[in-house]
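# Fold and geometry: a report
So the chains spell out like this:
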Amino acid sequence: MRGERRATSNGGLRPRVLRILELARAVVNWKLKLNLRFVVAATLLTPACASQPANNVGVAQMTGQQQAKRKVVFIAGPRSHGYGAHEHNAGSLLLGRLLTEQHKGIDVVVHQNGWPADPTALDGADAVVIFANGGMGNPARTHLPELSKAMDRGAGLVLLHYAVEIPADSGGKEFIDWAGGHFAINWSVNPIWTMQSRPFPSHPIARGLRPYEIEDEWYYHMRFRDGMKGVQPILSALPPASSLSRPDGLHSGNPHVRAAVLERKEPQHLAWAAERANGGRGFGFTGAHHHWNWGHPMQRRLVLNAIAWAAHAEVPAGGIPVGVLSMEDLEANQDDNKPASFDRERWRRLIEGWQRDFPGGR
């Protein structure tokens, strides 16, 4: 009898359950049709959707979906010039941390002390950042096939400081193609001088930037693409005559650069952006000899904006927030021990002054 009662009870409920399920299915189908009509109407009525850049979300923005995060891979060179100079590991870790904290659309991987042993290290990278020694010691020189594979699929390439130098016959052509230009011996020079930037152009990398001045080892007179095709200067300044006071040499001076600066008074491009036919992007930045200069809000925003742009990530209208850095932030992850001769107080005062002059990176 108990079994029969259960069967009778279930049999009485089944029609009502089925009816409820049919009503729920009808409501879901009605909502799906309504949403589909909204998305189609929005697509047809919004002209911008047809010309939306590939790195933007487009219709997905209207349906609440989030853009996939961009992957940025840093290749930091090994120990180089001593405490506080050419700090490839410390600089890459610092920039990577700031990108991760300040841009929710970017994931960062930092490979320290040279080219990564993992052959899949560049897989899926939207941008590759190289901050390392250059010339014959440039890690890219012996890994051009790996870089070429990433560049061919549209990944960006960012070259910082010494990494912009590569031999003309073993990477120069590729750097011109991938990043728009490079440091060439007997053509470019590497003096330390105080740069006074000219007004910035209208470009996503320049968002939130104001002209600034700072002493650094600013390389200049790069070897660019013919006619600067596809290359946009970002940071430009006219070097003083004193920057060419050294005798001619592979890196110190030559007739070409002397004519350009001393005679024709041509502003020199210290940072530039480049675009490639396949949609890939490149960026070169010749400063960053002094690690402490990352304490300048404009200097670090310029490079953070550029990395995001190279990775096809959105650069906010006011630039990537840069926060406030302390000396402790900058002293972290150095390759060498602090020497007794290091004038910490001088740099602390400089950094506090920069942050006072550009509060909140403004």
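Heads up: the structure comes first, above all this text.
From a predicted model like this one, the values you see are computed outputs, not experimental measurements. (Residues numbered from 1 in each chain as written. Predicted model: local features only at pLDDT ≥ 70, side-chain atom pairs only at ≥ 80, totals over all residues. Heavy atoms only, no water.)

## Focus on the overall build of the chain
Scanning the chain from N- to C-terminus turns up nine helices and 11 strands. Per-residue burial over the chain gives 48% buried out of 362 residues. Considering only intrachain contacts with a sequence separation of at least 6, the fraction spanning at least 24 residues in the chain is 74%. Within the structure as shown, the chain displays about 17700 Å² of accessible surface, and the carbon and sulfur contribution to it stands at 54%. (Helix = DSSP H or I, 4+ residues; strand = E, 2+ residues; numbered from the N terminus. Buried < 20%, exposed > 50% of the residue type's maximum accessible area, 1.4 Å probe, protein only. Contact = heavy atoms within 4.5 Å. Areas by Shrake-Rupley, 256 points an atom, 1.4 Å probe, with all protein chains shown as cover.)

## Concerning unusual backbone geometry
In this structure, Asn-113 is a non-glycine residue whose phi angle is positive, near 65°. Take Asn-113: it is sitting in the loop between β2 (106–111) and β3 (127–131). With phi around 65°, His-221 is a residue other than glycine that occupies positive phi space. Looking at the element boundaries, His-221 is found in the loop between β7 (213–217) and β8 (223–224).

## Structural notes on the side chain of Glu-217
Mapping Glu-217 onto the fold places it in strand β7. There is a polar contact of 3.0 Å between the side chain of Glu-217 and the side chain of His-161. Contacts of Glu-217, omitting those with residues within four sequence positions, involve His-86, His-161, Asn-190, Pro-191, Ile-192, Thr-286, Gly-287 and His-289. (Polar contact = N/O pair within 3.5 Å; in protein donor to acceptor, adjacent residues only side chain to side chain.)

## A look at the packing of helix α4 (residues 144–152) against helix α5 (residues 168–179)
Packing of α4 against α5 leaves a shortest axis separation of 12 Å and a crossing angle of 15°. As judged from the angle between their axes, α4 and α5 are roughly parallel. With respect to the hand of their crossing, α4 and α5 are arranged in left-handed fashion. In this structure, α4 contributes Leu-144, Leu-147, Ser-148 and Met-151 to the contact, and α5 contributes Ser-170, Gly-171, Glu-174 and Trp-178. By residue class, the composition of the contact of α4 with α5 is four nonpolar, three polar and one charged. (Axes fitted to C-alpha atoms, helices over the stretch in contact; angles between N-to-C directions. Parallel < 35°, antiparallel > 145°, perpendicular 65-115°, else oblique. Left-handed = near helix turned anticlockwise from the far one by under 90°. Nonpolar A, V, L, I, M, F, W, Y, C, P; charged D, E, K, R; others polar.)

## Regarding helix α9 (residues 344–357)
In this model, α9 (14 residues) spans 20 Å end to end at C-alpha, consistent with the 20 Å of a helix rising 1.5 Å per residue. If you follow the buried residues of α9, they end up packed against β7, α7 (297–310) and α8 (327–331). (Expected span 1.5 Å × (residues − 1).)

## Concerning the nonpolar core
Met-195, Tyr-212, Trp-218, Leu-235, Phe-285, Trp-294 and Leu-302 are the most contacted members of the largest nonpolar core, which totals 60 residues. No other element matches the nine residues that α7 contributes to this core. Core analysis: the next-biggest nonpolar cluster, separate from the first, contains 29 residues, Trp-115, Met-151, Trp-178 and Ala-274 among them. (Core = buried A, V, L, I, M, F, W, Y, C linked by side-chain atoms within 4.5 Å.)

## Here's the deal with the pairing of strand β11 (residues 281–285)
Across the five residues of β11, five count as buried, placing the element largely inside the fold. The alternating pattern of β11 places Arg-281, Phe-283 and Phe-285 on one face and Gly-282 and Gly-284 on the opposite face, and all of these are buried. Bridging between strand β4 (residues 156–160) and β11 involves four bridges; their strand directions are parallel. Bridging from a neighbouring strand, Leu-159 pairs with Gly-284 of β11. Here five bridges tie strand β10 (residues 268–275) to β11, and the two strands are oriented antiparallel to one another. Within β11, the position partnered with Glu-275 by the bridge is Arg-281. (Pairing = 2+ DSSP bridges.)

## Examining the sheet that holds β3
Across the sheet, seven strands lie side by side as β2-β1-β3-β4-β11-β10-β9; this open sheet has mixed pairing. Pairing within the sheet leaves two strands with one partner each, and these edge strands are β2 and β9 (231–237). The mean inter-strand angle of the sheet, taken between neighbouring strand axes irrespective of direction, is 15°. Packed onto the sheet, α5 meets β4, β10 and β11 and runs at close to 115° relative to β4.

## Some thoughts on the environment of His-312
Looking at where His-312 falls in the secondary structure, it is placed in the loop between α7 and α8. It is 9.9 Å that separates the C-alpha atoms of His-312 and Lys-71, two residues lying 241 residues apart in sequence.

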